[in-house]
Protein chains: 2
Amino acid sequence: MSYTYKYPRPALAVDCVIFGYDHRLEESDLQILLIERKLVPFKGKWALPGGFVQMNETLDAAAVRELKEETGMEKVYIEQLYTFGALDRDPRGRVLSVAYIALVNLEKHNLKAGTDAEAAEWFSLNKLPALAFDHKIIVKTAVERLRGKVRYQPVGFELLPDEFTFSELQNLYETVLERTFDKRNFRKKIESYGLLIDTGGMRRGKPNRAAKLYRFDSKRYKALEKHGFMFEL
Amino acid sequence: MSYTYKYPRPALAVDCVIFGYDHRLEESDLQILLIERKLVPFKGKWALPGGFVQMNETLDAAAVRELKEETGMEKVYIEQLYTFGALDRDPRGRVLSVAYIALVNLEKHNLKAGTDAEAAEWFSLNKLPALAFDHKIIVKTAVERLRGKVRYQPVGFELLPDEFTFSELQNLYETVLERTFDKRNFRKKIESYGLLIDTGGMRRGKPNRAAKLYRFDSKRYKALEKHGFMFEL
DNA sequence: ATTTATTTGTGTTAATTTTACACTAACTTA
DNA sequence: TAAGTTAGTGTAAAATTAACACAAATAAAT
């Protein structure tokens, strides 16, 4: 079976830059999920998870599907990043890639090994191996976008478990933005938005004072957002 | 001649949301350029300028080409907006659209009439006619992006002539952001960035005090930007 | 049971930034 | 030369941000 068109058409792929974060680690870097390519081109090289868009699925659906197929992960935050269309980005011919960003917490979404006969592995953002295709540029674009976005939209919570402590939240922001915050000022700022719900629970188990657990009030955020409220950090 | 592939491929188009602004008008709205479709589907309806991407051109190049073909405009600011991939967005079949935003000044870039046998016309943003395809959503996305972008990147200057007065700049920002600024505070803020060059010229001709003309120092901006400088309004 | 080591949780003051506000200067037309 | 209109300018109050230190709570070790 084959498909014939009057004019030539580029092939269409989606690629996902999946950011992972583990709040349990002391010095927790941002991580990116890569898969080792088993086929040419770039056989043996690491690449972003992705694949071709099917005719009966939207771009978002294709990204969600690839995410699930290659990592087993579901119900993760995902958003379109940018569409890459350089002429020579794929040696097999003209292939466009609509890139997506996904944000996952490594405790909540643990990687299912080898779901797609391809080895998937997390890499620290600043220890990435050489990447196939133009994926280095895609990752760079994604990191810039994440850094920009995290400051004026509360997407950081997607990288944490549902319940988290203030210092986990602060560590996350410090990791993503590569800067430090004053503990008291950070708390004050976040509290001023009234978007955290005290769950009553405590994070115990470490040999120090237990910390209160909070939950992000996404319903309230959505309501406020409509009336022009702006989160900012 | 025809082209055959093993798997089906969507067609690929670019569409441009061209924002126009005229600093000479008293009550100057933001404008959007639309063309009247001469062919089915949506014959007679207004639509964003656009067309299919050719095999040997990048997405950016396709957007630039369409812009020139349909409006005669060259050397305008252009950037990729978003890729729209709903299954039913084109009744002819699966067509993806990579949308672009362009910013032009209506004095600098005057519309060449009927360059492409299609009537092109400027419409006030808040008086748009019904649009073909999913172009209403594309325009909405573009407006949101422009409003967001204009606040933290100095793209507003693209909508003005090379030399402009402070009140022209202020009017532009007030129009795009749909709010007012205090004249003195606005001036102070902009001046604090040191990104405007006094050209020595004056805007004369109106029955009131002449205003100094300034030019945006894009070289200096690019240099500062690299070292973490942030424009913000 | 007590000590030790470690992280949590909290308030005030100074510095900076943002906002509010009104009059004179300069230009063109009548 | 008078009238009408926009350009250009400074200061004080309010709000926000930044800087800073110690007692309380917990688990582990003694």
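Quick caveat, the model's predicted, so the values are computed rather than measured.

Calculation criteria
- Residues numbered from 1 in each chain as written.
- Chains lettered and ligands numbered in written order.
- Predicted model: local features only at pLDDT ≥ 70, side-chain atom pairs only at ≥ 80, totals over all residues.
- Heavy atoms only, no water.
- Near = heavy atom within 4 Å.
- Polar contact = N/O pair within 3.5 Å; in protein donor to acceptor, adjacent residues only side chain to side chain.
- Helix = DSSP H or I, 4+ residues; strand = E, 2+ residues; numbered from the N terminus.
- Nonpolar A, V, L, I, M, F, W, Y, C, P; charged D, E, K, R; others polar.
- 1 Å grid on protein atoms, 1.4 Å probe; cavity = no way out; pocket = protein on both sides within 12 Å on 5 of 7 lines; lining within 4 Å.
- Points joined across faces, edges and corners; volume = space filled by probe spheres on them.
- Patch = residues over 30% accessible without salt bridge, like charges linked within 9 Å, V, L, I, M, F, W, Y side chains within 5 Å.
- Areas by Shrake-Rupley, 256 points an atom, 1.4 Å probe, with all protein chains shown as cover.
- Salt bridge = Lys/Arg side-chain N within 4 Å of Asp/Glu carboxyl O.
- Lys, Arg positive; Asp, Glu negative; His and termini not counted.
- Charge placed at Lys NZ, Arg CZ, Asp CG, Glu CD.
- pLDDT = per-residue confidence, 0-100.
- Pairing = 2+ DSSP bridges.
- Contact = heavy atoms within 4.5 Å.
- Buried area = accessible area lost by both parts, 1.4 Å probe.

1. Some words on the protein's contact with DNA strand C
Thought 1: Residues in contact with DNA strand C amount to 22 residues; listed here are only the nearest, S167, K183, N208, R209 and K212 of chain A.
Thought 2: When atoms of DNA strand C within 4 Å of the protein are sorted by moiety, sugar and phosphate together comprise 42%.
Thought 3: Residue R184 of chain A places a side-chain N or O atom 3.4 Å away from a base nitrogen belonging to DNA strand C.
Thought 4: In this structure, K188 of chain A approaches DNA strand C through a side-chain N or O atom, which is 3.0 Å from a base oxygen.
Thought 5: Counting only elements with at least two residues in the surface near DNA strand C, the list comes to α4 (183-193) and β11 (211-216) of chain A together with α4 (183-193) of chain B.
Thought 6: For the surface near DNA strand C, the per-class residue count stands at 5 nonpolar, 4 polar and 13 charged.

2. Digging into the layout of surface pockets
All names here are of chain B.
Thought 1: Of the volumes computed, that of the second largest pocket is approximately 670 Å³.
Thought 2: What lines the second largest pocket is a set of 23 residues, among which T165, S167, E168, R209 and A211 lie closest to the centre.
Thought 3: Broken down by element, the residue count for the lining of the second largest pocket peaks at 5 residues, all from helix α3 (residues 166-177).
Thought 4: Within the lining of the second largest pocket, the residues separate by chemical class into 7 nonpolar, 6 polar and 10 charged.

3. Quick word on a positive patch on the surface
Thought 1: Together, K183, R184, R187, K188 and R209 of chain A make up a positively charged patch on the protein surface.
Thought 2: With respect to the helices and strands, K183 of chain A occurs in helix α4.

4. Topic: the confidence of the model for chain A
Thought 1: For chain A, mean pLDDT is 95; residues scoring 70 or higher make up 98% of the total.
Thought 2: Here the predicted complex carries an ipTM of 0.95, next to a pTM of 0.96.

5. As for the sheet that holds strand β9 (residues 163-164) of chain B
Residue and element names in this part refer to chain B.
Thought 1: What the 3 strands build is an open sheet, ordered β9-β11-β10; its pairing is antiparallel. Each having just a single partner strand, β9 and β10 (196-203) make up the two edges of the open sheet.
Thought 2: Pairing analysis gives 2 bridges linking β9 to strand β11 (residues 211-216), with the strands arranged antiparallel. Note that in β11 the partner of E163 across the bridge is R215.

6. Brief notes about the interface of chain A and chain B
Thought 1: Each partner contributes residues to the interface: chain A has 32 residues there, and chain B has 32 residues.
Thought 2: Here chain A and chain B share an interface that buries about 2800 Å² over both sides, 58% of which is from carbon and sulfur atoms.
Thought 3: Where chain A meets chain B, there are 0 salt bridges.
Thought 4: Of all the secondary-structure elements, those providing two or more residues to the side of chain A that touches chain B are β1 (3-5), β2 (11-21), α1 (59-71), β6 (77-84) and β7 (95-105) of chain A.
Thought 5: A total of 4 residues in the side of chain A that touches chain B trace back to one element, the largest contributor, which is β6 of chain A.
Thought 6: The class makeup of the residues in the side of chain A that touches chain B is 18 nonpolar, 8 polar and 6 charged.
Thought 7: Relative to strand β1 (residues 3-5) of chain B, β1 of chain A runs antiparallel, the two sharing 3 bridges. Counterpart to Y5 of chain A in the pairing with β1 of chain B is Y3 of chain B.

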